[in-house]
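# Fold and geometry: a report
Chain by chain, the residues run as shown.
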Amino acid sequence: MRSTRLLPMLALLAGLPSPLAAAQRPARLDALKREAVQDVEARGQLTQQINDQIFSFGELGFQEVETSRYLVNLLRQNGFTVQEGVAGIPTAWVATWGSGKPVIALGSDLDDIPQASQFPAVACHLPMVDGAPGHGEGHNSGQAVNITAALAVKRLMERDHLPGTIRLWPGVAEELLGTKAYYVRAGLFKDVDIVLFSHVGSNLGTSWGQGEGSGLVSVLFTFHGRSAHAAGAPWRGRSALDAVELMDVGWNFRREHLRPQQRSHNVIVDGGDQPNVVPPSASVWYYFRELDYPHIQELFALGDTMARAAAVMAGTTLASERILGSAWPGHFNKVIAEVMTANMKQVGLPQWSEADQTLARAVQKEVGAPDSGLAVQLDTLQGPLREQDRRGGGSDDIGDISWNAPTVVLRYPSNIPGLPGHNWSNAITMATPIAHKGNTAGAKAMAMTVLDFLLRPELVQQAWEYFRSVQTKTVQYQPLMRPEDRPAIELNARTMEKYRPEMRKYYYDPTRYHTYLEQLGIAYPTLRRSDGTCAAKALP
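Residues numbered from 1 in each chain as written. Predicted model: local features only at pLDDT ≥ 70, side-chain atom pairs only at ≥ 80, totals over all residues. Heavy atoms only, no water.

### Here's the deal with the pairing of strand β4 (residues 164–171)
To keep things clear, this is the line we draw: Buried means the residue's accessible area, taken with a 1.4 Å probe over protein chains only, is under 20% of the maximum for its type, while exposed means over 50%, and partly exposed covers the values in between. Only DSSP runs of H or I reaching four residues or more are called helices, and only runs of E reaching two or more are called strands; each is numbered from the N terminus. Only when DSSP finds a minimum of two bridges between them are two strands counted as paired.
Extensive coverage of β4 is indicated by the burial of eight of its eight residues. Of the two faces of β4, the one lined by G164, I166, L168 and P170 and the one lined by T165, R167, W169 and G171 are each fully buried. Across five bridges, the pairing between strand β2 (residues 93–99) and β4 is antiparallel. When the sheet's bridge partners are listed, T96 is paired in β4 with R167.

### Considering the packing of aromatic side chains
In plain terms, the rule: The criterion for an aromatic pair is that two Phe, Tyr or Trp rings (for Trp, the six-membered ring) have centres within 6.5 Å, with stacked assigned to planes under 30 degrees apart, edge-to-face to planes over 60 apart and tilted to the rest.
Applying the stated criterion across every chain, the model contains 20 aromatic pairs. The rings of F221, W251, Y286, F288 and F300 are connected pair by pair, giving a single aromatic cluster.

### Quick notes on the confidence of the model for the protein chain
Our working definition: Per residue, pLDDT measures the predictor's confidence, with a range of 0 to 100. By the convention used here, residues are in contact when the closest approach between their heavy atoms is within 4.5 Å.
Confidence in the prediction of the protein chain, expressed as mean pLDDT, is 94, and 94% of residues score 70 or more. When the criterion is pLDDT under 50, residues 1–24 qualifies, and its contacts beyond four places in sequence or with other chains add up to five contacts.

### Re the environment of V217
Among the secondary structure elements, V217 is positioned in strand β7 (residues 215–224). Judged by relative accessible area, V217 falls into the buried class, the value being 0%. The spatial distance from the C-alpha of V217 to the C-alpha of L177 is 8.5 Å, given a sequence separation of 40 residues. In this structure, V217 is in contact with Y286, Y287, F288, I296, F300, I323, G325 and S326, ignoring residues within four places of it in sequence.

### Some words on the sheet that holds β7
For sheets, the rule is that strands pair by backbone hydrogen bonds, running either parallel or antiparallel. Selection criterion: For helices, the fitted line uses only the C-alpha atoms of the stretch in contact; every axis is such a line through C-alpha atoms, and the angle between N-to-C directions lies from 0 to 180 degrees.
Pairing is antiparallel across the open sheet formed by four strands, whose spatial order is β8-β9-β7-β10. This sheet does not close on itself; its edge strands, each paired only once, are β8 (263–270) and β10 (317–327). Sheet twist, expressed as the average angle between the axes of neighbouring strands with direction ignored, equals 20 degrees. Bridge analysis of β7 against strand β9 (residues 281–290) gives 10 bridges, and the strand direction is antiparallel. Its bridge partner lying in β9, V219 is registered against Y286. Strands β7, β8 and β9 of the sheet are contacted by helix α7 (residues 240–255), whose axis makes an angle of about 20 degrees with β9.

### What about the pairing of β2?
For a regular strand, side chains alternate in direction, first toward one face of the sheet and then toward the other. Pairing of strand β1 (residues 81–84) with β2 involves four bridges; the strand directions are antiparallel. Within the sheet, the bridge partner assigned to Q83 lies in β2 and is V94.

### What about the sheet that holds strand β5 (residues 194–201)?
Taken in spatial order, the six strands of this open sheet run β1-β2-β4-β3-β5-β12, and their pairing is mixed. Of all the strands in the sheet, the pair left with one neighbour each is β1 and β12 (407–413). If you compare each strand with its neighbour and ignore which way they point, the axes differ by 20 degrees on average. Across four bridges, the pairing between strand β3 (residues 103–109) and β5 is parallel. Paired with G107 across the strands is F197, a residue of β5. Across the sheet, helix α5 (residues 142–160) lies against β2, β3, β4, β5 and β12, angled at about 170 degrees from β4, the strand it touches most.

### Considerations on helix α8 (residues 293–314)
What counts, and what does not: A helix is expected to span 1.5 Å multiplied by its residue count minus one.
Look at α8: 32 Å from first C-alpha to last across 22 residues, which is about the 32 Å you get at 1.5 Å a residue. Taken as a whole, α8 has its buried residues at Y293, I296, L299, F300, L302, G303, D304, M306, A307, A310, A311 and A314. On its buried side, α8 packs onto β7, α7, β8, β9 and β10. Of the residues one or two after α8, G315 is the one with positive phi, at around 70 degrees.

### Thoughts on unusual backbone geometry
Geometrically, the link from K101 to P102 is a cis peptide bond, its omega value of -5 degrees lying close to zero. Its place among the elements puts P102 in the loop between β2 and β3. Note the cis peptide between Y524 and P525, where omega equals -10 degrees. Looking at the element boundaries, P525 is found in the segment after α15 (516–520). A positive phi angle is found at A173, which is not glycine, with a value near 50 degrees. Secondary-structure assignment places A173 in the loop between β4 and α6 (180–185).

### A few points about the packing of helix α3 (residues 44–57) against helix α4 (residues 65–77)
So the rule is basically this: Small angles under 35 degrees read as roughly parallel and large ones over 145 as roughly antiparallel, with 65 to 115 read as roughly perpendicular and the rest as oblique. Polar here means any residue outside two lists: the nonpolar Ala, Val, Leu, Ile, Met, Phe, Trp, Tyr, Cys and Pro, and the charged Asp, Glu, Lys and Arg; Gly therefore counts as polar.
In the contact formed by α3 and α4, the axes pass within 9 Å of each other and the chain directions differ by 155 degrees. Considered as vectors, α3 and α4 are oriented roughly antiparallel to each other. Taking contact as the criterion, the partners of L46, Q49, I50, Q53, I54 and F57 in α3 are, on α4, E66, T67, Y70, L71 and L74. Of the residues in the contact of α3 with α4, the class split is seven nonpolar, three polar and one charged.

### Digging into the environment of Q115
By the element assignment, Q115 lies in the loop between β3 and α5. A C-alpha to C-alpha distance of 4.8 Å links Q115 and G131, two positions 16 residues apart in sequence. In contact with Q115, not counting residues within four places along its chain, are G131, A132 and P133.

### Things to note about the nonpolar core
To be explicit about the condition: Nonpolar cores were defined as sets of buried Ala, Val, Leu, Ile, Met, Phe, Trp, Tyr and Cys residues, with membership established by side-chain atoms within 4.5 Å.
Membership of the largest hydrophobic core comes to 153 residues, with the highest contact counts inside it found for F80, W169, L196, F221 and F223. In terms of nonpolar packing, the next biggest core, distinct from the first, is built from 12 residues, L359, A362, V363 and L419 among them.

### Regarding α5
Over its 19 residues, α5 extends 27 Å from the first C-alpha to the last, a length consistent with the 27 Å expected when each residue adds 1.5 Å. Where burial is concerned, most of α5 is hidden: 15 out of the 19 residues are buried.

### So, the pattern of salt bridges
Quick note on the threshold: A carboxyl oxygen of Asp or Glu within 4 Å of a side-chain nitrogen of Lys or Arg is what we treat as a salt bridge.
Considering all chains together, one arrives at 28 salt bridges under this definition. One salt bridge in this structure joins R159 and E35, with 2.6 Å as the shortest N-O distance. With R159 in helix α5 and E35 in helix α2 (residues 19–42), this residue pair connects regions lying 124 residues apart in the sequence.

### Things to note about the side chain of D396
Tracing the backbone shows D396 in the loop between α10 (354–366) and α11 (398–402). Apart from the residues lying within four places of it in its own chain, the contact partners of D396 are D109, E174, L177, K180, F197, H199, A327 and W328.

Set out below in C-alpha cells:
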C-alpha cells in the first residue's frame, strides 16, 4: 500500500493536479480577489475620470467619436493592443491584452439619448444645452467599470504570469440596436470563452435564463410618389406622406389583434419638405418587438404587408425596407450568474451619504416616483421567468452575443430607483458620487468574476455545458438582419453636427478639475429653490 505522503508528488509527476494543489487553489484565488478589490478601490479617481469624461461628450449612437478616441488612447497607454473600425463601424474597436485561454470579453455601451441633456446633481430639469443629447440611460459609466476591473486583473496576471486574454469592446449605438449583430457576423466572439457585460442599474445584481425583455427588428420604410403643386394641381401628385400615414393607420387598427406580448412603435423621419409641395418621398421608422425569433419575423412580415398595401392605396411605391438594427432577446448563463452573484455578496452595496440619498429622493419626487431613495439591500439573483409571465419589454442587442457565447449582464448601482428611463432625469446622477461609488462596486464584482474564470477552468467548462445542453439545445441563433444589410453609420450625424459645437464648451478637463461637478461649479446636491424654480445654470 502506497504512503499517502507520496500522493501529491506522484500526481505532479503524472502531470495531474494534486489534492494539495486543489486545496491551495481557493486560498490563492481568494487572496488575488482581495488584491483586485484593493486595486479597484485605489483606482477610484481613474474610474471617476472615465465616467465623467464620457458623460461630458454626450454622443449619440454611431457618432461616439470623442468617446472612442478617448478610450482607445487610454487603453493603448495601458498596454492594450487596439483594433479600430471593426465590423465596418468607425467608432467600434476591440482592445486586447494577454495571450491564450481563456478569452474573457468585457463589454459595455457608449451612446446616449436624444434631448436628454442635463446638468448632473441638479434635481430638476436643467439642460446643459437645450435640445441636445445626454446620458439619459447612463451609458457613460460601463466602460469605467470594465476598464478599472481589467487593469486591476491585468496587474495580477502580469505579476503572477497567469495565462489568459482580456478583450474589451464597446456597445456602439445600442439605443439603435445597431451593432452587436454585426460584431457576431464579423466573428468577434468566435474564440471567446466568457462574455461579461456591464450595464448601469439602481442595484448590484445579475440574472440568468430568459427574462422579460423582447427582441426586435428596426425597419425604415421609404415610399416614393410624385410631386405637384399642392394647391394648383394636387391631382397630378401622389403623396408619399399619404402612404406613410395610411401605413400607420392600418397598423394601429391591426394592433388590437396582435399578441399582447408584442411592442411596436414608430416615428415619421421624413414627411416632406413644405406644405405646398406634394411630398414625393417620405419615410417611417418602426420597431417591431416580440419574444422570440419566429414572432419577430412574423411581425416584420406583417409590417411589410401593411407598407405594400399603403403604397397601393396612395398610388405610390414602396421604394425600400432598410433594417437599421436588430436584437435577439437575451438568454444569460446560469453558471456565470451564480459565480458573479457570490462575488457581489462579498462586495455589497456602496455606503451612501446623506447627500446621495437627498439627491435621490428629490429626483424621485420630481418625476412622481416613490421617494424611497437609493437601494440599501442587495439585489438577489434573478432566474428565468415562466413563459406565461413573459409579457415583453425593452430590448438590448447583447441578446445576439448571448446566443453565441456564454454571457451575463452585471448591473451596478449608479442610478436611482423608479425613474422612467430614456429621460433627462436618468442623467442626473451619472456624473456624481452616486455613479462613482456604484461604478467602483461594479468594477470590484467584475474583477473578482474575471479571476474566477481565469483560475478555475472547470467553471468555463460548466458555463459552456449550460450553453450547449440547456440554452441552445432546441434554439439556434439566426441573425435577424439580412446578408445585404449594413450598419447605419450615418444615423445621428446631423444632430451631433448641430449640437456638438455648443456641447464642446462643457467637455470635462481632468487636468484642471478633480471632478466634473467641480468644473461646472455645481453644489452637491442642488435642489429646487424654495420658490419652486430650478437652479441657475453654471458657466462652462
